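Architecture and fold: a report
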Amino acid sequence: MIIVPVFNAPDCVDRCLSSIKANTNVAHRLIVIDDGSTDPAIETLLHVSSWPSNVEIVRHSENRGYTQSINEGIGLAGRSDVILLNSDTEVPPRWVQNLVAAANSSEEIGTVTALSDNAGAFSAPVANRPNDLPTGAPFDRIARAITQDSRRRYPRVPTGNGFCLYIKRACLDDVGHFDAQKFPRGYGEENDFCLRASARGWAHIIDDATYVRHARSASFGLERESLVRQGLTLVCETFPRYRQALLRMRKNKALEDVRGNVRSSIARAVAAEPPIRPRILFVISTLVGGTPRTNEDLMYALGQEVESFVLHSDARRLTLLRFVEGQYRLVASHRLRRSLAPFPHDSREYQAVVRRWLNDYSIELIHIRHMAWHGLGLARSARLLGLPVVMSFHDYYSICPSVRLLDKTGIHRPDNLAPASALCRHVLWKEGFMARFSKVHSLGEWRMQMSRFLGECSVFITTSNQTRELHERFFPIVRDKPFHVIPHGRSFETFKGLGRFPDSGAPMRVLVPGNISVSKGASILADVATRMVGDHVEFHVIGKANKALQNVPNIVIHGTYNREDFAERVEAISPHMGLILSVWPETYCHTLTEMWSCGLPVAAFDVGAVGERINRCGGGWLISRMSAIDVIHTLKCIQTDQAGFSLRLTEVVRWQLGEGTQNTCDAMAQAYLDAYRQLMFIGHSSSGGAQDRGDD
């Protein structure tokens, strides 16, 4: 709960509240207490309809004093910890998350105070005087550099400072509220509170990762110096040793080091080298394959806007990487004492390590690309830290550990999309390992733990409408949150027109690209090729071929390929069309995109995103039943229908000129960036109006 008392000074209040809106997650409540302002501009500024629903406006008909106002706010906060924030401050990105992490770094911590450019002993890089920040860098960049460079020293101090003061609820329960009788207008009330808390064993620290701009006492103007002297006198009368504690604070070596770090961070922010950007953590399960490759496309395209970190796990070792100019660089690693298991799919050690990394490396948003071999408590840990979580669905792992919704025979059954776990074909967890848990855990339990995890996420993203609808069917909880469909982007330098109707009497060369496994229809392809010997059809497989395709007549295997060389390799094969025989509902299918980029019309089973895309764009033929006989029938019809073939070629060209040209990696990155911004900026993700309560 954030509490901002207000009395006049509308320009300062506007800057303060605007900074909160820009840099605070919508999950945090904000109470603005107008303590009888006489400036009519405050009334306009705090108009209820202009504020999101997590904001509550409290109005006093007459001035009650600062201390009584913050006590009222503390009461309205319920059981939450509170942040007291002066209305003449401006807060930076990640400020709440930093304060929360500092407060939770030790049980004995009662209060946390931010650093500032102008807050007396809490000022940096120079204490006890205003620090003029350089004009060569915006404040957010300076503050973000300080956060990212912070060593989290958390120096201990005798008292906090109310310009930006985080207070644990347990401390408030133990110590009580602020003394409004002795300090009605403030100035000394936080010192008195903190010293009372110290007497009961609570400690006070500075969060050296948070830097708040402070105009200082805009509400009291010229009265400030007099109020400061009066407050200090009252505090010292009650706590005679306080002056000595202040003298010791001036000689605090840890504080001197912190101020030196701030000076260096400010210099780095001005130089902007390396660039200072928000940090996003991408969570992946493998470093090879379609999902990580697409994630690399995204991270590369986002390079000017965000700094990308990657969390990888193989169930035993956690690895934190930075993605820099297309390369992974090791940041940290940790070997778990015990491997993660499918049930309960989590461990306290995993959560402790990840929470530490999230704080130490100043992560501002988490994007989960896959949860296999990770702890499901990750989303809840992020929420408790105030970090938004984006969850992507690239397969059906949440619905069933089979991932592709296939049974042990490799058959997808539309009438039973998620077979009993004993029948699932598990492709990620080791079969023996999974079988051990299947004896005591049901598929229903699997979905229950996944549903709890999804409930902690902020936003969902997938690549096709069909994939979204299927997850909404199994997890109603995802319907209550934003769920975006963002297709995978690809950037092609040129498009080719390799597709053409085969010459009379010549064989029709059919390209089958990708990792042709059982789930990609290897068994069906082998059957089709064998049956079509002598039918003037050749099947050319480029990619990794399943053993079922080895030595099959009518199949030519061309070996694996690099994505960058795909068009060149395909041109050398000179196919007339393409074929996709995936027997599971793929969530996108890069090979369809690649064949269309080469100008090839494609025949495919009418299932998943492949069917969805061909239905929408044309450019191919859909096969209604997953059988070799139906594939053969479709191919024979294609051989004799030159007009239909020409129509598909036209549709492919239309795709190239439209979606193929427009949906680049940069366009995809912009769509993701829009989704991220809605989470990272409170003002973009709210609906409804603020609550308003007054006493007049």
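Small disclaimer: the values here were computed from a predicted structure and weren't measured.

Analysis parameters
- Residues numbered from 1 in each chain as written.
- Predicted model: local features only at pLDDT ≥ 70, side-chain atom pairs only at ≥ 80, totals over all residues.
- Heavy atoms only, no water.
- Helix = DSSP H or I, 4+ residues; strand = E, 2+ residues; numbered from the N terminus.
- Buried < 20%, exposed > 50% of the residue type's maximum accessible area, 1.4 Å probe, protein only.
- Contact = heavy atoms within 4.5 Å.
- Areas by Shrake-Rupley, 256 points an atom, 1.4 Å probe, with all protein chains shown as cover.
- Lys, Arg positive; Asp, Glu negative; His and termini not counted.
- Charge placed at Lys NZ, Arg CZ, Asp CG, Glu CD.
- Pairing = 2+ DSSP bridges.
- Axes fitted to C-alpha atoms, helices over the stretch in contact; angles between N-to-C directions.
- Core = buried A, V, L, I, M, F, W, Y, C linked by side-chain atoms within 4.5 Å.
- Expected span 1.5 Å × (residues − 1).
- Parallel < 35°, antiparallel > 145°, perpendicular 65-115°, else oblique.
- Salt bridge = Lys/Arg side-chain N within 4 Å of Asp/Glu carboxyl O.
- pLDDT = per-residue confidence, 0-100.
- Right-handed = clockwise from strand over helix to strand, strands pointing away.

Description of the overall build of the chain
Assigned secondary structure in the chain consists of 24 helices and 23 strands. With the C-alpha coordinates of the chain rotated into their principal frame, the extents come out at 105 × 50 × 50 Å. Relative to its 696 residues, the chain shows a buried fraction of 57%. For the chain, the proportion of contacts with a sequence separation of at least 24, taken over those separated by at least 6, is 75%. Carbon and sulfur atoms form 49% of the exposed surface of the chain, whose accessible area is close to 28,800 Å². Seen as two clouds, the 80 positive and the 73 negative side-chain charges of the chain have centres 7 Å apart.

Topic: the sheet that holds strand β21 (residues 602-605)
Read across the open sheet, the 6 strands follow the order β19-β18-β17-β20-β21-β22; overall the sheet is parallel. A strand with exactly one partner marks an edge of an open sheet, and here the two such strands are β19 (555-557) and β22 (620-623). Strand-to-strand twist across the sheet, computed as the mean angle between neighbouring axes with direction ignored, equals 25°. Pairing geometry for strand β18 (residues 537-542) and β19, over 3 bridges, is parallel. Residue pairing across strands places H540 opposite V556, the latter belonging to β19. Contacts from helix α21 (residues 628-639) reach β17 (508-513), β18, β20 (577-580), β21 and β22 within the one sheet, and its direction differs from that of β22 by about 150°.

Description of the sheet that holds strand β11 (residues 317-324)
With mixed pairing, 8 strands are arranged side by side in an open sheet as β12-β11-β10-β9-β13-β14-β15-β16. Unpaired on one side and paired on the other, β12 (327-335) and β16 (483-485) mark the two borders of the sheet. Averaged over all pairs of adjacent strands, the angle between their axes in this sheet comes to 20°, without regard to strand direction. In the packing of helix α16 (residues 465-474) onto the sheet, the strands contacted are β14 (389-393), β15 (459-462) and β16, and the crossing angle to β16 comes to about 155°.

Concerning the nonpolar core
If you look at the biggest cluster of nonpolar residues, it comprises 85 residues, and the most contacted ones within it are I366, L525 and F539. In terms of residue count, the dominant contributor to this core is helix α17 (residues 522-531) (6 residues). In this view, F539 contacts V510, L525, V528, A529, M532, N554, I555, V556, L579 and L635; residues no more than four positions away in its chain are not counted. In this structure, I20, V32, V157 and V212 belong to the second largest nonpolar core, which totals 55 residues.

Notes on helix α12 (residues 348-360)
Structurally, the α-helix is built with 3.6 residues per turn, so residues lying three or four positions apart point the same way. Its 13 residues place the ends of α12 18 Å apart at the C-alpha level, agreeing with the 18 Å of an ideal helix rising 1.5 Å per residue. Along α12, the residues that are buried comprise E349, Y350, Q351, V353, V354, W357, L358 and N359. A positive backbone phi angle near 55° is found at S362, which sits one or two residues after α12.

Observations regarding the packing of helix α19 (residues 590-597) against helix α22 (residues 642-657)
At a minimum axis distance of 9 Å, the contact between α19 and α22 shows a crossing angle of 100°. Between α19 and α22, the crossing angle belongs to the class labelled roughly perpendicular. Packed against α19, whose contacting residues are T593, W596 and S597, the element α22 presents V652, W655 and Q656 at the interface.

A few points about unusual backbone geometry
Along the chain, A124 connects to P125 via a cis peptide bond; the corresponding omega equals 10°. Examined against the element boundaries, P125 turns out to sit in the loop between β6 (109-116) and α5 (139-149). Here the bond from F343 into P344 is cis, since omega is 10°, no more than 30 degrees from zero. On the secondary structure map, P344 appears in the loop between β12 and α12. Of note in this structure, E325 is not a glycine but carries a positive phi near 50°.

Considerations on the pattern of salt bridges
Tallying each qualifying case throughout the model produces 27 salt bridges. Among the salt bridges present, the one from R144 reaches E364, with a minimum N-O distance of 2.8 Å. Here E364 lies in the loop between α12 and β13 (365-368) and R144 lies in helix α5, a separation of 220 residues in the sequence. Accessibility classification places R144 together with E364 in one group, the buried group. Residue D630 pairs with R625 through a salt bridge whose shortest N-O separation is 3.2 Å. What makes R625 exposed here is its relative accessible area of 54%. Each of R15, E90 and R213 takes part in one network of salt bridges that share partners.

Brief notes about the confidence of the model for the chain
Mean pLDDT over the chain works out to 91, with 92% of the residues at or above the 70 mark. pLDDT under 50 marks residues 417-422. Its contacts with residues more than four places away, or in other chains, come to 21 contacts. Scored below 50 in pLDDT, residues 682-688 shows 18 contacts in the model against residues more than four places distant or in partner chains.

Considerations on the pairing of strand β9 (residues 279-284)
Counting buried positions along β9 gives 6 out of 6 residues, so the element sits mostly inside the fold. Handedness of the crossover joining β9 and strand β10 (residues 307-313) through helix α11 (residues 290-301) is recorded here as right-handed. Strand direction decides the pairing type here: β9 and β13, joined by 4 bridges, are parallel. Note that in β13 the partner of V283 across the bridge is I368.

A look at the pairing of β18
Burial analysis of β18 places 5 of its 6 residues in the buried class, the great majority of the element. With 6 bridges connecting them, β17 and β18 associate as parallel partners. Within β18, the residue paired with V512 across the bridge is V541. Assessed by its sense of winding, the connection that carries the chain from β17 through α17 to β18 is right-handed.

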